[in-house]
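Notes for the structure review
Here are the chains, one letter per residue:
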Amino acid sequence: MKYSVMIIDDHPLFSRGLAQLIETQSSYKVNGMAKDRKEALGMLEKVKPNLAIVDLNLGQEDGLELIKDISVINPSTKVLVLSMHDERFYAERALKAGARGYIMKQEAESQVINAIQTVMEGKIYLSERELERIKDLSKNDKSIKREKREPYDTISLLSDRQLQIFTLIGKGLGTVDIASKLNLSIKTIDTHKENIKVKLHCSSSAELRQMAIEWASH
C-alpha cells in the first residue's frame, strides 16, 4: 500500500521538485498538487490524501486557515507544514491549527523525508532547534523583557487573526481590501490594527506599515 500525498504550494516548480523527492520513497505517491486554497479544497474532496503538505504563504491567502479547513473536511488527513516562514513564529500556531509537523524549506531533503515519515507514524515533527526553544520557554515563568527581545520577537504576541492582518498589511493591502478579503467590517480591522500597534509598540500607522513590509520580506 502506498500513502497518497497532496502538495499545496503556490510555486508549481517547487511542487514538482518536492513530488519527485517524495516519490523516491516507495511508500508514497503524490496524487494531487494545488496552488491555492480554492483548488486545494476542491481537490481534497476527490483525492482524500493520507498526507497534505502545506505552505503557509499561498499568495494573498493564509495557510493556517487552510489547515483548519482540512481538519474539518477530512480529519483523517495528516498535515505537514513546509514553509519558508521562521518556525519560531509559526510552528506552534500551525500545530494549534491542526498540523502534525512543521519544517522549513531550507532544511535538507533527507530531513524533509524524515519529517514526512515522522508525521505518518502518528508523531509530531519539529526541528531540534524548535523543540529546544519550546523547552527553554517552558522553564521561564516570566516573559522576556522587551529590551532583551530579538527583532520581531514581539510578533509572537499577536493572535492568529492579528498576524494574518499584519501579514496582509505587509503585502500592501489597505484596510478596505483586508476587510473585504477576510469578510470583516472596516471597524473590526481598524480595531485589530490598533491592538497590533500596541503589542508591537508602534507609535503610528506608518510605523506599523513599515514594520509589516519588512516582516513580509524577512
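Residues numbered from 1 in each chain as written. Predicted model: local features only at pLDDT ≥ 70, side-chain atom pairs only at ≥ 80, totals over all residues. Heavy atoms only, no water.

**Things to note about helix α5 (residues 109–120)**
Applicable threshold: In DSSP terms, a helix is any run of H or I states spanning at least four residues, a strand is any run of E spanning at least two, and both are numbered starting from the N terminus. One less than the number of residues in a helix, times 1.5 Å, gives the span that helix is expected to have. Relative accessible area decides the class of each residue, using a 1.4 Å probe on protein chains only: under 20% of the type maximum gives buried, over 50% gives exposed, and in between gives partly exposed. Residues are treated as being in contact if the distance between any of their heavy atoms lies within 4.5 Å.
If you check α5, its first and last C-alpha atoms are 17 Å apart, about what twelve residues at 1.5 Å a residue would give, namely 16 Å. The complete set of buried residues in α5 reads Val112, Ile113, Ala115, Ile116, Thr118, Val119 and Met120. Each element contacted by the buried residues of α5 is listed here: β1 (3–8), α1 (12–22), β2 (28–34), β3 (51–54), β6 (78–83) and β7 (101–104). Just past α5, the residue Gly122 takes up positive phi, approximately 85 degrees.

**What about the environment of Ala91?**
By the element assignment, Ala91 lies in helix α4 (residues 87–97). The spatial distance from the C-alpha of Ala91 to the C-alpha of Asp55 is 12 Å, given a sequence separation of 36 residues. Those residues within four positions of Ala91 in sequence are excluded, and the remaining contacts are Tyr102, Leu126 and Glu130.

**Comments concerning the pattern of salt bridges**
Note on pairing: side chains with opposite charge can pair once their charged atoms come close. Rules: Salt bridge, as applied in this entry: a Lys or Arg side-chain nitrogen positioned within 4 Å of an Asp or Glu carboxyl oxygen.
Counted according to the given criterion, the structure contains 14 salt bridges. In this structure, the salt-bridge partner of Arg129 is Glu107, at a minimum N-O distance of 2.7 Å. Within this pair, whereas Arg129 is found in helix α6 (residues 128–139), its partner Glu107 is found in the loop between β7 and α5, the two being separated by 22 residues in sequence. A salt bridge links Lys197 to Glu194; its shortest N-O distance comes to 3.3 Å. Taken together, the residues Lys197 and Glu194, both in helix α9 (residues 186–199) and three residues apart, mark about one turn of the helix. The exposure class of Lys197 is buried, given its relative accessible area of 12%. In this structure, a network of salt bridges that share partners links the residues Asp9, Asp55 and Lys105.

**Observations concerning the packing of α1 against α5**
This is how the line gets drawn: In this description, a line fitted to the C-alpha atoms serves as the axis of each element, helices being fitted only across the stretch in contact, and the angle between N-to-C directions of two axes falls anywhere from 0 to 180 degrees. Under this scheme an angle from 65 to 115 degrees is roughly perpendicular, one under 35 degrees roughly parallel, and one over 145 degrees roughly antiparallel; angles in between are oblique. The classification used treats Ala, Val, Leu, Ile, Met, Phe, Trp, Tyr, Cys and Pro as nonpolar, Asp, Glu, Lys and Arg as charged, and all other residues, Gly among them, as polar.
Where α1 meets α5, the axes come as close as 11 Å, and the angle between the chain directions of the two elements is 70 degrees. Judged on the interaxial angle alone, α5 and α1 are roughly perpendicular. On the side of α1, the interface is formed by Leu18, Leu21 and Ile22, while α5 contributes Glu109, Val112, Ile113 and Ile116. Across the contact of α1 with α5, the residue classes break down as six nonpolar, no polar and one charged.

**Regarding the confidence of the model for the protein**
Rule in force here: Think of pLDDT as the predictor's per-residue confidence, scored from 0 to 100.
Residues with a pLDDT of 70 or more make up 92% of the protein, whose mean pLDDT is 88. A low-confidence stretch, residues 141–149 stays under pLDDT 50, and its non-local contacts, those more than four residues away or across chains, total six contacts.

**Focus on the side chain of Arg93**
Just so we agree on the cut-off: Any N or O atom pair separated by 3.5 Å or less is treated as a polar contact, with the protein-specific requirement of one donor-capable and one acceptor-capable atom, and with residues adjacent in sequence counted only for side-chain atom pairs.
Within the secondary structure, Arg93 is located in helix α4. Assessed through its relative accessible area of 9%, Arg93 is described here as buried. Looking at Arg93, its side chain comes within polar contact range of the main-chain oxygen of Ile155, at 3.4 Å. Apart from the residues lying within four places of it in its own chain, the contact partners of Arg93 are Leu64, Ile155, Ser156, Leu158, Ser159, Asp160 and Leu163.

**Examining the packing of helix α7 (residues 160–170) against α9**
It is the contact of α7 with α9, at a shortest axis distance of 10 Å, that shows an interaxial angle of 95 degrees. By the angle between their axes, α7 is roughly perpendicular relative to α9. Residues Arg161, Gln162, Ile165, Phe166 and Ile169 of α7 lie in contact with α9, whose contacting residues are Ile189, His192, Lys193, Asn195, Ile196 and Lys199. Among the residues forming the contact of α7 with α9, the class breakdown is five nonpolar, three polar and three charged.

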